[in-house]
Amino acid sequence: MAAILTPATTGPHSTRLALPIAKPKLPLQRTHLVRCVHRPEISPFFHGAVGANRADWQSACAILSSKVATASQHHQQTPQHHEAGDDTNHSLVPVVNGQSPAAAALDLVPVQLPQPLTIADLSPAPKHGSHLRVAYQGVPGAYSEAAAAKAYPNCDAIPCDQFEAAFQAVELWVADRAVLPVENSLGGSIHRNYDLLLRHRLHIVGEVQLPVHHCLLALPGVRKEQLTRVISHPQALSQCEHTLTAMGLNVAREAFDDTAGAAEYVALNGLQDTAAIASARAAELYGMQVLADGIQDDSGNVTRFVMLAREPIVPRVDRPFKTSIVFAAHDSEGTSVLFKVLSAFAFRDIGLTKIESRPHRQRPIRLEDETSSGGGGGAAGTAKHFEYTFYVDFQASLAERRAQNALAEVQEFTSFLRVLGSYPMDMTPWSITSSSSSSSSSSPGSQQ
Ligand SMILES: O=C(O)C(=O)C[C@]1(C(=O)O)C=C[C@@H](O)C=C1
């Protein structure tokens, strides 16, 4: 029990990328997660000012106000909560050989009583050894694996079949961190992860930007003319769309869960007519031939990933920080809230690096009678407005007074406001020619 109170932290910093997986692992699936007793919920709710110590900060960073009904309700929908008629707090753990670790442990320790905390429990080193366990979506050779290795050199990367499984792996202590893509310079936002950030209680503790260098892979001996199909992750397909056409390939495009998984699929099924878009590392891992190298439509193709943890980090002012928030408007404000929010940052000279809007899950449409909308004289009726949740990234640390003041102002126009994280910006230079699958990329120096 004591171990779960210990903040998981990173291993030693390193500037060398060491891809941690020598042989492919099976991805973690949500079905590998079963219910098992225990784990007190860490309450992220907070009423009050941002304090200087870690405990205050951890609370403050999660929720800035008491107006958390929306987010809280989202949280209720996650499967880690009580089942009807069951008064035990449940969480999910992986099944090992058909038996959960907890069950296996019971074989050895018949009665498990709470143990007192020791100094060792509170030490910053991960409890499970020197390596941080980092969940990512995809299979070995995926860009997300390379991003995990860039964020946390020497980590144990844990492949997951879905983004949701990566979130759950961290929430359930199967992993210490998750590294997930949120946007790409060509393909745009990865909306699924924005939605999941809101539905889960993890905190953004860092970001990495990864140059993505795509290859066209086929079975050894296969020529381009034999191809009728190209499979890959939808983002990868869209990032190579023009190049594929320019290459004169008359192929159908088909979506796959991840790039490396597509390469593995072609290899495992001996598909002579199908190519995959994936990394050079995936080609090595699955014995594929590189038919074309660097097929992304823009040589500066970059994907931004966020690092997620169960606990927020303490924001600092000694290096460039970014803060990510999500909010929804008061009923009376409508989308005009966006103007007011942007002003709160502009007046304080805080730059924004990202704005994203997503449908408001619980109230996607707002109805407004013509009489109350002040429409004046037209045919009576009901206006149907789409309602949004807004995600904003701004360039300031939450340790800065101007950021705190801006958020206090934003809070006035919003029905809920949540700080997703305040974290160091990835400032590492990256060379366009270096492949994301290369083992020489440097870490962002911000392992949190
Ligand atoms: O499929 C992979 O290899 C991934 O890591 C996923 C992903 C994405 O979701 O955007 C990551 C980076 C690239 O932009 C293409 C695909």
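It should be noted that the structure appears before, not after, this text.
Thresholds, definitions, all that
- Residues numbered from 1 in each chain as written.
- Predicted model: local features only at pLDDT ≥ 70, side-chain atom pairs only at ≥ 80, totals over all residues.
- Heavy atoms only, no water.
- Axes fitted to C-alpha atoms, helices over the stretch in contact; angles between N-to-C directions.
- Helix = DSSP H or I, 4+ residues; strand = E, 2+ residues; numbered from the N terminus.
- Parallel < 35°, antiparallel > 145°, perpendicular 65-115°, else oblique.
- Left-handed = near helix turned anticlockwise from the far one by under 90°.
- Contact = heavy atoms within 4.5 Å.
- Nonpolar A, V, L, I, M, F, W, Y, C, P; charged D, E, K, R; others polar.
- Buried < 20%, exposed > 50% of the residue type's maximum accessible area, 1.4 Å probe, protein only.
- Pairing = 2+ DSSP bridges.
- Near = heavy atom within 4 Å.
- Polar contact = N/O pair within 3.5 Å; in protein donor to acceptor, adjacent residues only side chain to side chain.

Draft legend 1. Broad picture of the packing of helix α11 (residues 336–346) against helix α12 (residues 401–413). Put simply, α11 and α12 touch, their axes get as near as 9 Å, and they point 170° apart. The orientation of α11 with respect to α12, classified from their angle, is roughly antiparallel. For α11 against α12, the interelement crossing comes out right-handed. Touching Val337, Lys340, Val341, Ala344 and Phe345 of α11 are Ala406, Leu407, Glu409, Val410 and Phe413, all from α12. Looking at the contact of α11 with α12 residue by residue, the class counts come to eight nonpolar, no polar and two charged.

Draft legend 2. Structural context of unusual backbone geometry. Despite not being glycine, Trp173 shows a phi value in the positive range, around 70°. Mapped onto the secondary structure, Trp173 falls in the loop between α5 (163–171) and β5 (177–184). Even without glycine at this site, Asp349 takes up a positive phi of about 60°. Overall, Asp349 belongs to the exposed group, its relative accessible area being 65%.

Draft legend 3. Molecular detail of the sheet that holds strand β14 (residues 321–329). The strand order β15-β18-β14-β19 describes an open sheet built from four strands, whose pairing is antiparallel. Sheet topology places β15 (352–359) and β19 (414–424) at the edges, where each strand pairs with a single neighbour. Pairwise comparison of adjacent strand axes, ignoring direction, gives a mean angle of 15° for this sheet. Where β14 meets strand β18 (residues 388–394), six bridges bridge the pair, whose relative direction is antiparallel. In the sheet register, Phe327 faces β18, and the bridge partner there is Phe390. Running at roughly 80° to β15, helix α6 (residues 191–199) makes contact with β14, β15, β18 and β19 of the sheet. With respect to the sheet, α11 is in contact with β14, β15, β18 and β19, its orientation differing from that of β14 by roughly 155°.

Draft legend 4. Region of the structure containing the site of the ligand. Surrounding the ligand, one finds 13 residues, the nearest of these being Tyr143, Ser144, Gln239, Thr259 and Thr303. Ser144 has a polar side-chain atom sitting 2.6 Å from an oxygen atom of the ligand. Residue Thr259 places a side-chain N or O atom 2.5 Å away from an oxygen atom belonging to the ligand. Each residue belonging to the shell around the ligand can be placed in one class, and the counts come to five nonpolar, seven polar and one charged.

Draft legend 5. Highlighting the packing of α5 against α6. Their axes nearest at 10 Å, the elements α5 and α6 cross at an angle of 30°. Between α5 and α6, the angle falls in the class roughly parallel. α5 and α6 meet at a crossing whose hand is right-handed. Facing α5, whose interface residues are Phe163, Glu164 and Phe167, α6 presents Arg192, Asn193, Leu196, Leu197 and Arg199. Partitioning the contact of α5 with α6 into residue classes produces four nonpolar, one polar and three charged.

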